[in-house]
Amino acid sequence: MAGYSVEERSAPHSLEYRLFFKDGAGRYVSPFHDIPIYADGGQNVFNMVVEVPRWTNAKMEIATKDPLNPIKQDVKKGKLRYVANVFPHKGYIWNYGAIPQTWEDPGHKDENTGCCGDNDPIDVCEIGSKVCSRGEVIKVKVLGTLALIDEGETDWKIIAINVEDPEAGSYNDINDVRRMKPGYLEATVDWFRRYKVPDGKPENQFAFNGEFKDKDFAVKVIKSTHEHWKALIAKKADGGEICCTNLTVSDSPFCCSQECAKATVDAAPPCRAANPIPPEVDKWFYYQKN
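Analysis parameters
Residues numbered from 1 in each chain as written. Predicted model: local features only at pLDDT ≥ 70, side-chain atom pairs only at ≥ 80, totals over all residues. Heavy atoms only, no water. Helix = DSSP H or I, 4+ residues; strand = E, 2+ residues; numbered from the N terminus. Polar contact = N/O pair within 3.5 Å; in protein donor to acceptor, adjacent residues only side chain to side chain. Contact = heavy atoms within 4.5 Å. Buried < 20%, exposed > 50% of the residue type's maximum accessible area, 1.4 Å probe, protein only. Phe/Tyr/Trp six-rings, centres within 6.5 Å; stacked < 30°, edge-to-face > 60°. Patch = residues over 30% accessible without salt bridge, like charges linked within 9 Å, V, L, I, M, F, W, Y side chains within 5 Å. Areas by Shrake-Rupley, 256 points an atom, 1.4 Å probe, with all protein chains shown as cover. Salt bridge = Lys/Arg side-chain N within 4 Å of Asp/Glu carboxyl O.

Right, let's get into the side chain of Thr113. Here Thr113 lies in the loop between strand S11 (95-98) and strand S12 (123-126). Among the polar contacts made by the side chain of Thr113, one reaches the main-chain amide nitrogen of Cys115 at a distance of 3.2 Å. Setting aside residues up to four positions removed in sequence, Thr113 forms contacts with Ala147, Ile149, Thr154, Trp156 and Ala207.

Printed below as a string of structure tokens:
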């Protein structure tokens with residue numbers, strides 16, 4: 001389903017910044033709940049919401065607890081969050097985002113990792129050549145997955161490629177990434193292992209010894225998180241503070257009107273010029289690998 005657009009509110013790189021989504025008819029929608037999981041279910045092609053364009057540092061994410069779930073910048077201890085550049089990486093090394101209509105249930109212990117979900121939509125690292133835009137909705141072909149254990153929670157990282165990438169036809173499974181982009185998967189493990197170390201945290205751990213699982217395994221994981229989302233949106237699972245307001249899931253008790261959605265957007269501050277990114281965001285961190 002094409003034709004999604006975004007509407008910015010407040011200033012990028014501010015605490016109030018929000019990026020709301022509209023469908024092809026200009027109606028406000030939730031990127032978490034209203035954009036379909038599948039672009040082509042028969043071919044296992046999924047929609048991906050791009051939260052963070054490659055090479056950028058601002059940790060942008062779907063605001064799961066806000067009405068309409070706009071994209072906003074993550075905040076820690078009252079400060080906007082930027083990922084550190086751990087040498088030799090600069091910002092995010094893929095287009096990073098999420099598959100809509102998925103949820104890693106914190107009440108469900110994953111049979112593969114032994115850890116519960118991280119309470120977010122499932123994450124995607126898109127490895128194509130194009131640097132995408134924040135809020136872009138693209139169609140991706142799934143290639144495999146990495147199981148990050150982030151502070152004791154299961155945090156699957158799906159490896160995928162934009163179906164419109166010129167080389168997409170050459171990628172059908174995780175081994176194609178190893179063959180066509182040597183070093184990229186190893187760099188991905190290194191990035192996730194060390195990206196929190198500059199903040200004083202220990203290295204992250206992985207299930208399966210940091211080995212990537214193949215396409216079939218990854219698709220099965222995605223479908224499992226889609227089932228958890230279905231329970232969430234139908235109020236059959238406890239979502240805690242998650243906002244399930246949506247406009248298209250007709251049998252959901254959280255379905256709301258377009259007037260209600262418009263009122264939510266209208267209440268946000270108007271769009272303003274971007275704030276400058278703090279110069280320290282460009283710093284490179286060097287340290288010995290364990």
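The next thing to look at is the environment of Phe32. Relative to the helices and strands, Phe32 is located in the loop between strand S3 (28-29) and strand S4 (38-40). Put simply, Phe32 and Pro70 are 38 residues apart on the chain and 8.6 Å apart in space, counted from C-alpha to C-alpha. Excluding residues within four positions of it along the chain, Phe32 makes contact with Ile62, Thr64, Asn69, Pro100, Gln101, Thr102, Trp103, Pro121, Trp229, Leu232 and Ile242.

Here we take up helix H2 (residues 184-194). Burial runs high along H2: nine of the eleven residues are buried. Those residues of H2 that sit buried are Tyr184, Leu185, Ala187, Thr188, Val189, Asp190, Trp191, Phe192 and Arg194.

A few words on the packing of aromatic side chains. Per the counting criterion, the structure on display carries 17 aromatic pairs. Note on Trp94 and Phe192: the rings are 5.0 Å apart at their centroids and 15° apart in plane angle, and the pair reads as stacked. Placement of Trp94 in the loop between strand S10 (85-86) and S11 and of Phe192 in helix H2 is noted, with a sequence separation of 98 residues between them. Exposure remark for Trp94: the relative accessible area of 0% places this residue in the buried category.

This part covers unusual backbone geometry. With an omega of 10°, the peptide bond running from Phe87 to Pro88 counts as cis. Tracing the sequence through the fold places Pro88 in the loop between S10 and S11. Non-glycine residue Trp55 carries a positive phi angle of around 80°. Mapped onto the secondary structure, Trp55 falls in the loop between strand S5 (45-52) and strand S6 (60-62). Residue classification places Trp55 among the partly exposed residues on the basis of a relative accessible area of 45%. A positive phi angle, close to 70°, is found at Leu68, a residue other than glycine. Here Leu68 is to be found in the loop between S6 and strand S7 (71-73).

Turning next to a nonpolar patch on the surface. Taken together, the side chains of Phe87, Trp284 and Tyr286 define a hydrophobic patch exposed on the protein surface, amounting to about 350 Å² of accessible area. With respect to the element layout, Phe87 can be found in the loop between S10 and S11.

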